[in-house]
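Take a look at the letters that make up each chain.
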Amino acid sequence: MIGKIFHKFLMRFDYKNENTEIDLLKGKGLIIGEHTIVHSINCFDTVYPWLIEVGDHCLISTDVKIIAHDSSTNRIGGVTKVGRVTIGDHVYLGQGVTVLCNVNIGNNVVVGAKSLVNRDLPSEGVYAGNQVRYICSIEEFDQKHIHNFEIVPTFDTSRGDIGEMRLQWKNG
């Protein structure tokens, strides 16, 4: 038990260890595309990872779960329902999203935080909710946020501007 807790603690702070779990699942058939970033620990179904494919240039936020099986069916028939999960290119899964088995998410899709994805999501859309529903087109989403960039402060955290960001927010 202590070993598991210590391992999870280390994984939160050591990016290389986060990749170790993903590398193990890739060895079991998980497919993750180029330039895809995964911020979740224990994100992918560890029992059926070969049923999951994630495209290129995706961002998977924290506390996301992608599940390729449903064991609730075991109680009535002694079998587990399994199904492919396919996530297209340029997909963003917000914090706490759960993607269930037998789901296809198209290209250029944003899924809002805490959403439950239990059905296919067509390309070029923004979806949110429990159960997930269509919010707007990806073009409308982009235009809204491009406009917001003009009126609210933005920061490029990749350049190390976090200190500047904190100072500006503190000073209003």
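For the structure itself, consult the block above.
Draft legend 1. Seen up close, the overall build of the protein. Across its full length, the protein holds five helices and 15 strands. Sorting the 172 residues of the protein into buried and exposed places 33% on the buried side. Restricting to contacts in the protein with at least 6 residues of sequence separation, those with at least 24 account for 22%.

Draft legend 2. Geometry of the nonpolar core. By size, the foremost hydrophobic cluster in this structure holds 30 residues, and its most contacted members are F44, I60, I66, I87, L93, V99 and I105. Put simply, the parts of the chain that give this core at least two residues each are α2 (15-27), β3 (52-54), β8 (85-87), β9 (91-93), β11 (103-105) and β12 (109-111). Contact partners of L93, with chain neighbours within four places excluded, come to L59, I60, S61, V64, I66, I87, V99, I105 and V111.

Draft legend 3. Up close: empty space enclosed by the protein. Under the counting rule described, the total for this entry stands at one cavity of 30 Å³ or more. In this structure, the largest cavity occupies an estimated 30 Å³ of space. Contributing to the lining of the largest cavity are E21, I22, L25, V38, S40, I41, N42, C43 and F44. If one sorts the elements of the lining of the largest cavity by residue count, α2 sits on top with three residues.

Draft legend 4. Quick peek at unusual backbone geometry. Here the amide bond leading from N130 into Q131 is cis, since omega sits at 10°, within 30 degrees of zero. The residue Q131 is located in the loop between β14 (125-128) and β15 (133-137) in this model. One non-glycine residue, H90, lies in the positive phi region at around 60°. Mapped onto the fold, H90 is located in the loop between β8 and β9. Here the phi dihedral of E124 falls at roughly 65°; this positive angle occurs in a residue that is not glycine. Looking at the secondary structure, you find E124 in the loop between β13 (116-117) and β14.

Cut-offs and rules
Residues numbered from 1 in each chain as written. Predicted model: local features only at pLDDT ≥ 70, side-chain atom pairs only at ≥ 80, totals over all residues. Heavy atoms only, no water. Helix = DSSP H or I, 4+ residues; strand = E, 2+ residues; numbered from the N terminus. Buried < 20%, exposed > 50% of the residue type's maximum accessible area, 1.4 Å probe, protein only. Contact = heavy atoms within 4.5 Å. Core = buried A, V, L, I, M, F, W, Y, C linked by side-chain atoms within 4.5 Å. 1 Å grid on protein atoms, 1.4 Å probe; cavity = no way out; pocket = protein on both sides within 12 Å on 5 of 7 lines; lining within 4 Å. Points joined across faces, edges and corners; volume = space filled by probe spheres on them.

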